[in-house]
Amino acid sequence: MKCPNCRKGSMFINKSIFPLSSLLKMPERCACCGQRMELEPGFYYGTGYVSYALTVGLLGTVFVAYWVIMGLSYQDNSIFIALGLSVFVVLLLQPWLMRISRVLYLYMFVKYGKGQGADTTQDEVPAETELK
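Residues numbered from 1 in each chain as written. Predicted model: local features only at pLDDT ≥ 70, side-chain atom pairs only at ≥ 80, totals over all residues. Heavy atoms only, no water.

Caption draft 1: View of unusual backbone geometry. Cis peptide bonds are those with omega within 30 degrees of zero, and the linkage from Phe18 to Pro19 qualifies with 0°. Here Pro19 shows up in the segment before helix H1 (47–70). The phi dihedral of Asn77 falls on the positive side, at around 60°, and the residue is not glycine. (Helix = DSSP H or I, 4+ residues; strand = E, 2+ residues; numbered from the N terminus.)

Caption draft 2: Fine view of a nonpolar patch on the surface. Taken together, the side chains of Leu85, Phe88, Leu92, Leu93, Trp96, Ile100, Leu104 and Tyr107 make up a nonpolar region of the molecular surface, amounting to roughly 710 Å² of accessible area. Turning to its location among the elements, Ile100 is positioned in helix H2 (residues 78–109). On the accessibility criterion, Ile100 (34% relative accessible area) is partly exposed. (Patch = residues over 30% accessible without salt bridge, like charges linked within 9 Å, V, L, I, M, F, W, Y side chains within 5 Å. Areas by Shrake-Rupley, 256 points an atom, 1.4 Å probe, with all protein chains shown as cover. Salt bridge = Lys/Arg side-chain N within 4 Å of Asp/Glu carboxyl O. Buried < 20%, exposed > 50% of the residue type's maximum accessible area, 1.4 Å probe, protein only.)

Caption draft 3: Molecular detail of the packing of H1 against H2. Across the interface, H1 lies against H2 with an axial gap of 7 Å and an inter-helix angle of 145°. Like other packed secondary-structure pairs, H1 and H2 cross with a definite hand, here right-handed. (Axes fitted to C-alpha atoms, helices over the stretch in contact; angles between N-to-C directions. Left-handed = near helix turned anticlockwise from the far one by under 90°.)

Caption draft 4: Structural view of the environment of Ser73. With respect to the element layout, Ser73 can be found in the loop between H1 and H2. Judged by its relative accessible area of 24%, Ser73 is partly exposed. When neighbours within four sequence positions are excluded, Ser73 is seen to be in contact with Ser78 and Ile79. Within the local environment of Ser73, its side chain forms a polar contact with the backbone nitrogen of Gln75, the two atoms lying 3.1 Å apart. (Contact = heavy atoms within 4.5 Å. Polar contact = N/O pair within 3.5 Å; in protein donor to acceptor, adjacent residues only side chain to side chain.)

Caption draft 5: Summary view of H1. In a regular helix each residue adds 1.5 Å, so 24 residues correspond to 34 Å; H1 covers 34 Å between its end C-alpha atoms and thus fits that length. Considered for burial, the residues of H1 that qualify are Thr47, Val50, Ser51, Thr55, Val62, Phe63 and Tyr66. Tucked inside the fold, the buried residues of H1 contact H2. Just past H1, the residue Gly71 takes up positive phi, approximately 85°. (Expected span 1.5 Å × (residues − 1).)

Caption draft 6: A look at the packing of aromatic side chains. For the structure shown, the criterion picks out four aromatic pairs. Aromatic rings pair up to connect Phe43, Tyr44, Tyr105 and Phe109 into one cluster. Note that Arg99 overlies the ring of Phe12, its terminal NZ or CZ placed 4.3 Å from the centroid. A cation over an aromatic ring shows up here: Arg102 above the ring of Tyr44, its NZ or CZ 4.3 Å from the ring centre. (Phe/Tyr/Trp six-rings, centres within 6.5 Å; stacked < 30°, edge-to-face > 60°. Lys NZ or Arg CZ within 6 Å of the ring centre and 35° of its normal.)

Caption draft 7: A look at the nonpolar core. Of all hydrophobic cores here, the largest spans 14 residues; its most connected members are Met11, Met26, Met37, Phe43, Tyr44 and Leu106. Looking at this core element by element, the count peaks at three residues for H2. (Core = buried A, V, L, I, M, F, W, Y, C linked by side-chain atoms within 4.5 Å.)

Caption draft 8: Broad picture of the side chain of Arg99. With respect to the element layout, Arg99 can be found in helix H2. Put simply, Arg99 is tucked away with no salt bridge, and the nearest opposite charge, on Glu38, sits 15 Å away. Beyond its immediate sequence surroundings of up to four residues, Arg99 is in contact with Phe12, Asn14, Lys15, Ser16, Ile17, Leu23 and Leu24. (Lys, Arg positive; Asp, Glu negative; His and termini not counted.)

Caption draft 9: Fine view of the confidence of the model for the protein. Here the protein shows a mean pLDDT of 80. Residues at 70 or above account for 77%. Confidence drops under a pLDDT of 50 for residues 115–132, and excluding neighbours within four residues, the segment shows 17 contacts in the predicted structure. (pLDDT = per-residue confidence, 0-100.)

What follows is the structure, given as structure tokens:
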């Protein structure tokens, strides 16, 4: 996944998903624009919700695709085959879904293009004016 600000740096240390133990390791900052990758401790716990939505959407898509192509019936147990195929596809694609959910979550909370090399997570707060 490329840095959305400059399209040069990578958001993950390893370009491949293997080894799975280092699947989600990210550098502290982007190599080209300097954006912090973890805005606060525990920031990426929210990616569970994004990953859940992507997983449910993929499950439904595979199930409906099987239904349209092959048809479903209780008589020949094809509904169980469709469910099994859906679960298999989701388990197979889970490492990519986890990475994509991190990227989408970071895109939701970081506004790019405000300046090169600056930490764009904090906006300046204007000084308070005196009340008269």
